[in-house]
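Notes for the structure review
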Number of protein chains: 2
Amino acid sequence: MSAAQAHLIETTPQAYGYPLLIKQLLHSALATAPDQEIVYADQRRHSYAEFDRRIQRLGNMLRGLGLQPGNTVAVMDWDSHRYLECFFAVPMLGCVLQTVNVRLSPEQIAYTLNHAQADVLLVNSDFMPVLKQIRGELNTLTRCVLITDDGTPAPQGPGFAGEYEALLSQAEPVCSFPDFDENARATTFYTTGTTGLPKGVYFSHRQLVLHTLSVTAGLALAPQQGRLHRDDVYMPLTPMFHVHAWGLPYVATMAGLKQVYPGRYVPDTIVRLIETEKVTFSHCVPTILQMVLGCEAAKSADLSGWKMIIGGSAMTSSLAQTARERGIDVFTGYGMSETCPILSLGQVPTADLGTGRDVATRVKTGRPLPLVALRTVDGEMQDCPRDGSSTGEVVVRAPWLTQGYLHQPQASVDLWQGGWLHTQDIGHIDQRGYLQVTDRIKDVIKTGGEWVSSLQIEEIIARHPAVAETAVIGLQDGKWGERPLALVVLKAGQDGKVDSEAIRRHVMAAVDSGQISRYGVPDKVEFVSELARTSVGKLNKKAMRESRQSRS
Amino acid sequence: MSAAQAHLIETTPQAYGYPLLIKQLLHSALATAPDQEIVYADQRRHSYAEFDRRIQRLGNMLRGLGLQPGNTVAVMDWDSHRYLECFFAVPMLGCVLQTVNVRLSPEQIAYTLNHAQADVLLVNSDFMPVLKQIRGELNTLTRCVLITDDGTPAPQGPGFAGEYEALLSQAEPVCSFPDFDENARATTFYTTGTTGLPKGVYFSHRQLVLHTLSVTAGLALAPQQGRLHRDDVYMPLTPMFHVHAWGLPYVATMAGLKQVYPGRYVPDTIVRLIETEKVTFSHCVPTILQMVLGCEAAKSADLSGWKMIIGGSAMTSSLAQTARERGIDVFTGYGMSETCPILSLGQVPTADLGTGRDVATRVKTGRPLPLVALRTVDGEMQDCPRDGSSTGEVVVRAPWLTQGYLHQPQASVDLWQGGWLHTQDIGHIDQRGYLQVTDRIKDVIKTGGEWVSSLQIEEIIARHPAVAETAVIGLQDGKWGERPLALVVLKAGQDGKVDSEAIRRHVMAAVDSGQISRYGVPDKVEFVSELARTSVGKLNKKAMRESRQSRS
């Protein structure tokens, strides 16, 4: 820009500058939906007005524990009304909410609590064994609050301040939440890559408010498929610790929706809640959807009209088809821990509904939300053509991306090379703006001078009627650089009925029809009983590669 | 807040901080809807991709006129694709867009151009007579650009740089719009109260982006009635100069909607555009809706499914009923120039659709948008009960309210007394969060120790089958303080068939049924051929009062 500068607006001293703080999401919900319900499994239900009163008591309770703005409050709980209260009260005090990934190993949990300098821990009694194991290693923690469903008192002793519900009832009822800088840190979460120690991502009040507004707009603007509206009933099926359950609890609260929190994920309980509470909107990873569809209660349940964002891993066409046959309105959401997380949605335009493009669009990675600038670029950060086939790395800008990894400056610089957040995903964009991620940079198989997408081969193998799940990895090869290996889990009752050659012939048919290059046909197919996964349920291809490389 | 401060997020130097700038609204629209149409009456249609190219050329064209960030570009045009281009290109350069109210008197227009220090004026040839009249008084203006539909060249001479379309075609095709502070002023507009000189309100990039997101969410979240979605076709019927056509062109663009700009408002043309372009979403003041419904073309037109936000003045139940009978989905939007403008929407909850509460809800002032904190308060800024009847002044906070009046510090302090923007509207809020504005502070009639709402009496009189329009004002009275006078415009053919007593009896029936106090029955009813209005079509009660007081 030249020496001349745009003129900033003049502000009257009395005027309210309106920082974008999480507390501001409550205004319209409390004014318009004070009687709307928040439900915790079969344990409890109360109104938004009561939710507001509980937030205020929680604020006073946390202050009573000596917490100051800038301190960190860690939470280890299943998805609950209490977690939702923490989503609001903790950052509204100016404190940081650390949503602890309870699926990590105890050592990793200890690492993340120390790294985030957690001052207070709210811990569900189910995780007390973990806490006992690591308590001696926690350097910054001063107090704990026990969470139980049945009011069991907290253990006596210096570490525990008491039990959540008891402390809440003792706290003062009216809490004044102050204004402060919208760039204050509100939340911290640790990503669980397949390499190295967990890395902390963090989000400010401003970022969470903007994510909430844009996700709301992106969902609600859909003419028919994949839309959210005020009559929806929301239930998360991505854990609340996992990047704030994709931010949807903030969306649901701002919109004043009825909300249902399922506690620990038990498939039969989930199905019962969908039926009794008339849940209409959820989100989860493909594995959870498979788990729910496969449970006993689901067999007789009416799941039609249940809208479901699928993310975390790619949804296969066959899973989408199965869900559609049950009347579930599945579609893809895309993002990652670093991106708050949602960047794009695979909603189906009205003209494509029910056509051959319908399911194909639902499994696409999706179109960018408002304000999201999303590109696919080559190694020199030049744009790839938007032709639906030219692949490059997906890089993004949005007002809600982590501005770095906590206390990891070099990883932060790598993440933000050239001023764009590097997703490390490979994909292509078509003329209608749909992104299709084809692979992770590190999972692309380089063979015979070509790049073969492991996801694409997996998608093809998954269409074989005997296949339940599959993962394709590249193994080092002296001649070709790498060669694909397919790991296949067969459906129940299929063991011994399908052999390696049948799978290879199935893939070869896709070569013949021009879908993939012949380099993509796996040399070997290995039948396994399960696939290695990370703590959040994603395929752990690093572990798969390492165990096979060391064997060979 | 205590000495301890919330910790601001750490930022990596390479990370993109993402200022909320108007240019960022274009990302998702251009990526997902490049072929979507923008239509200018029956003159022109082009794609969003072409819209983007024209914005870039316009940016270069304006730079070529010597404009620097911080300079002001004023526009006098009817609603057009060109105005939409200015909505984006002018602020995207870091300049300020002054949307000139072409309905003001030439003297007032000259005052606003000088007060805003307009550097360049883009002027439709229809307003050349006005410009000629005031050119000598314009102290800051250096260059003009002529706007014509037929390409008529601009007048020769030092003042005119050329004609819009010709200059656009000569401009360089690629323009780089810089990043700058999101608090830079983007737009200025002059409000036209009934007292004093016009006052300038102003909005930053950040404010306009946040208004766009929240209005989108508020409209799109509606389950059925009053919702906006990506298949809608948008056409403004509030002039683009009037607080950015209520901000809806930014909403429509961000959402990638087909947009239709009608040029000068000609009722038959408007109806034809609705039919041929399949317009589904508009907004206007009650007068415009009446004008459209009353035109020849409307008689045979199918207007069903046309969604319409009504604002600026209260919509009467009878107008709402008439519109509903034509299938028009009318509902109220509330706000004012100072508030960007939208604060609340009178959408009907699903359960109330088609019931006795349906029309009653549409004419309510509405429920607050996300992020809007809206209160009714007494003189000590204490909240009135939310009981649907206790009235107080409406005061608001939102992230898009003008932070003052341009260069008017005392008026700015008055506007923002106590840190809340004072709307000067009187109203009440019910338990479901619906605001009902009952009057302007200055239009409340104080009689016999009671406050009588002039709007409520108007609403009652308007239900009389012979009445086309009415205004009720308070006239000074030695005994009662003030007494109401009703000015009534009768429907065509009703002259002489209805007398003053018939109207008074009609109001008395409402007293008998307990709707209003007996103090509200007008002493006199005066039949007139038209009601005095301000330049933007609102009832000018100040003028009505003054002409009657001086007579008496």
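For the structure itself, look to the data block above.
One structure accompanies this document, and this report is about it. Since we're looking at a predicted model, the values are computed, not measured.

Digging into the overall build of chain A
When helices and strands are tallied, chain A shows 18 helices and 25 strands. Scaling as 2.2 N^0.38, a compact globule of 552 residues should have a C-alpha radius of gyration of about 24 Å, and chain A matches this with 24 Å. Oriented by its inertia axes, the alpha-carbon framework of chain A measures out at about 70 × 65 × 50 Å. Classification of the 552 residues of chain A by burial places 63% in the buried group. Looking at chain A alone, contacts between residues at least 24 apart form 67% of all its contacts between residues at least 6 apart. Counting every atom, chain A has about 20000 Å² of accessible surface; 49% of that belongs to carbon and sulfur. Both charge centroids of chain A, one from 52 positive and one from 57 negative side chains, sit 2 Å from each other.

What about the sheet that holds strand E19 (residues 421-429) of chain B?
In sheet architecture, strand pairing relies on hydrogen bonds along the backbone and comes in two forms, parallel and antiparallel. Residue and element names in this part refer to chain B. One open sheet accounts for four strands, arranged E17-E18-E19-E20; its pairing is antiparallel. This sheet does not close on itself; its edge strands, each paired only once, are strand E17 (373-377) and strand E20 (435-440). Taken pair by pair, the neighbouring strands of this sheet meet at an average axis angle of 45°, ignoring direction. Where E17 lies against strand E18 (residues 392-397), five bridges are found, and the strand directions are antiparallel. The residue of E18 that forms the bridge with Ala 373 is Arg 397.

Re the relation of the copies chain B and chain A
Both copies of the chain are related through a single rotation about an axis accompanied by a shift along the same axis. Of the two same-sequence chains, chain B is brought onto chain A (RMSD 0.1 Å, axial shift 0.0 Å) by a rotation of 180°. A rotation of that kind, with that shift, is consistent with a two-fold axis. A shared binding surface is used by both copies, with 100% of the interface residues of chain B retained as interface residues in chain A.

Re helix H11 (residues 286-294) of chain B
All names here are of chain B. Every buried residue belonging to H11 is among Pro 286, Ile 288, Leu 289, Val 292 and Leu 293, and all of these are buried. The buried residues of H11 occupy an angular sector of 160° when projected down its axis, which confines them to one face. At its buried positions, H11 is contacted by helix H10 (267-277), strand E12 (281-284), helix H12 (296-300), strand E13 (307-310), helix H13 (317-325) and strand E14 (329-335).

Digging into the pairing of strand E15 (residues 342-345) of chain B
Side chains on a regular strand alternate between the two faces of the sheet. Residues and elements named next belong to chain B. In this sheet, E15 lies alongside E14 in antiparallel orientation, the contact comprising three bridges. In the strand pairing of E15, Gly 335 is matched with Ile 342. Connecting E14 to the next strand, E15, in antiparallel fashion are six residues, including Cys 340 with a positive phi near 85°.

Observations regarding the nonpolar core
Counting residues in each nonpolar core, the largest one holds 294 residues, and the members touching the most others are Phe88(A) and Phe88(B). Excluding its chain neighbours within four sequence positions, the residues that come into contact with Phe88(A) are Ile22(A), Leu25(A), Leu26(A), Phe51(A), Ile55(A), Tyr250(A) and Thr253(A).

Some details on the sheet that holds strand E6 (residues 143-147) of chain B
All names here are of chain B. Ordered by their spatial adjacency, seven strands build an open sheet running E7-E6-E5-E3-E4-E8-E9, and the pairing between neighbours is mixed. The open sheet is flanked by strand E7 (160-163) and strand E9 (199-204), the only strands paired with a single partner. Between one strand and the next, the sheet's axes are offset by a mean angle of 20°, whatever the strand orientation. As paired elements, E6 and E7 share three bridges and run parallel to each other. If you follow Val 145 over to E7, its bridge partner there is Gly 162.

Here's the deal with the interface of chain B and chain A
Taken together, the contact between chain B and chain A spans 84 residues of the former and 84 residues of the latter. With both sides pooled, the region where chain B packs onto chain A buries about 6900 Å², and carbon together with sulfur makes up 62% of that total. Contact with chain A buries area across many residues of chain B, yet Ile9(B), Leu221(B) and Arg230(B) alone supply 11% of it, more than any other trio. The partner of Glu182(B) in a salt bridge is Arg206(A), and the shortest N-O contact between them spans 2.7 Å. Taken together, the connections running from chain B to chain A amount to 30 residue pairs in polar contact (both at pLDDT 80 or more). Among the elements of the structure, helix H1 (26-32), E9, helix H7 (205-220), strand E16 (367-368) and helix H15 (409-415) of chain B are those that each provide at least two residues to the side of chain B that touches chain A. Among the elements that take part in the side of chain B that touches chain A, H7(B) stands out by supplying ten residues, more than any other.

Describing the packing of aromatic side chains
Any aromatic ring pair is given by two values, namely how distant the centres are and how the planes are angled relative to each other. The full count for this structure, using the stated rule, is 20 aromatic pairs over all chains. The ring centre of Tyr519(A) lies 4.9 Å from the NZ or CZ of Arg518(A), which sits over that ring.

Quick word on the pattern of salt bridges
Residues and elements named next belong to chain A. Across all of its chains, the model carries 58 salt bridges over all chains by this definition. The partner of Arg 483 in a salt bridge is Asp 523, with the nearest N and O atoms 2.8 Å apart. Placement of the pair is Arg 483 in strand E24 (residues 481-490) and Asp 523 in the loop between helix H17 (500-512) and strand E25 (524-527), with a sequence separation of 40 residues. We classify Asp 523 as partly exposed; its relative accessible area is 38%.

Here we look at unusual backbone geometry
Cys340(A) connects to Pro341(A) through a cis peptide bond whose omega is 10°. Locating Pro341(A) in the fold gives a position in the loop between strand E14 (329-335) and strand E15 (342-345). Positive phi is not limited to glycine here, since Val243(A) has a value of about 40°. Relative to the helices and strands, Val243(A) is located in helix H8 (residues 243-246). One non-glycine residue with positive phi stands out, namely Tyr18(B), at about 55°.

Quick look at the packing of H11(B) against H13(B)
Relative placement of two packed helices is described by the angle separating their axes and the distance separating the axes. All names here are of chain B. Two elements in contact, H11 and H13, have axes whose closest approach is 11 Å; the angle formed by their N-to-C orientations is 40°. Taken together, the axes of H11 and H13 are oblique relative to one another. Like other packed secondary-structure pairs, H11 and H13 cross with a definite hand, here left-handed. The segment H11 lies against H13, with Pro 286, Leu 289, Gln 290 and Leu 293 engaging Leu 319, Thr 322 and Ala 323. Here the residues of the contact of H11 with H13 sort into five nonpolar, two polar and no charged.

Quick look at the environment of Arg533(B)
Residue and element names in this part refer to chain B. Within the fold, Arg 533 resides in the loop between strand E25 (524-527) and helix H18 (541-551). In this structure Arg 533 comes out as partly exposed when scored by relative accessible area, which is 28%. Sequence separation between Arg 533 and Met 544 is eleven residues, and the spatial gap between their C-alpha atoms is 9.1 Å. Sequence-distant contacts of Arg 533, defined by excluding residues within four places in its chain, comprise Thr 287, Glu 469, Lys 538, Leu 539 and Asn 540. Separated by 2.2 Å, the side chains of Arg 533 and Glu 469 make a polar contact.

Quick notes on the rules
- Residues numbered from 1 in each chain as written.
- Chains lettered and ligands numbered in written order.
- Predicted model: local features only at pLDDT ≥ 70, side-chain atom pairs only at ≥ 80, totals over all residues.
- Heavy atoms only, no water.
- Helix = DSSP H or I, 4+ residues; strand = E, 2+ residues; numbered from the N terminus.
- Rg over C-alpha atoms; globule rule 2.2 N^0.38 Å.
- Buried < 20%, exposed > 50% of the residue type's maximum accessible area, 1.4 Å probe, protein only.
- Contact = heavy atoms within 4.5 Å.
- Areas by Shrake-Rupley, 256 points an atom, 1.4 Å probe, with all protein chains shown as cover.
- Lys, Arg positive; Asp, Glu negative; His and termini not counted.
- Charge placed at Lys NZ, Arg CZ, Asp CG, Glu CD.
- Pairing = 2+ DSSP bridges.
- Axes fitted to C-alpha atoms, helices over the stretch in contact; angles between N-to-C directions.
- Least-squares fit on C-alpha atoms with pLDDT ≥ 70 in both.
- Arc of directions from axis to C-beta.
- Core = buried A, V, L, I, M, F, W, Y, C linked by side-chain atoms within 4.5 Å.
- Buried area = accessible area lost by both parts, 1.4 Å probe.
- Salt bridge = Lys/Arg side-chain N within 4 Å of Asp/Glu carboxyl O.
- Polar contact = N/O pair within 3.5 Å; in protein donor to acceptor, adjacent residues only side chain to side chain.
- Phe/Tyr/Trp six-rings, centres within 6.5 Å; stacked < 30°, edge-to-face > 60°.
- Lys NZ or Arg CZ within 6 Å of the ring centre and 35° of its normal.
- Parallel < 35°, antiparallel > 145°, perpendicular 65-115°, else oblique.
- Left-handed = near helix turned anticlockwise from the far one by under 90°.
- Nonpolar A, V, L, I, M, F, W, Y, C, P; charged D, E, K, R; others polar.

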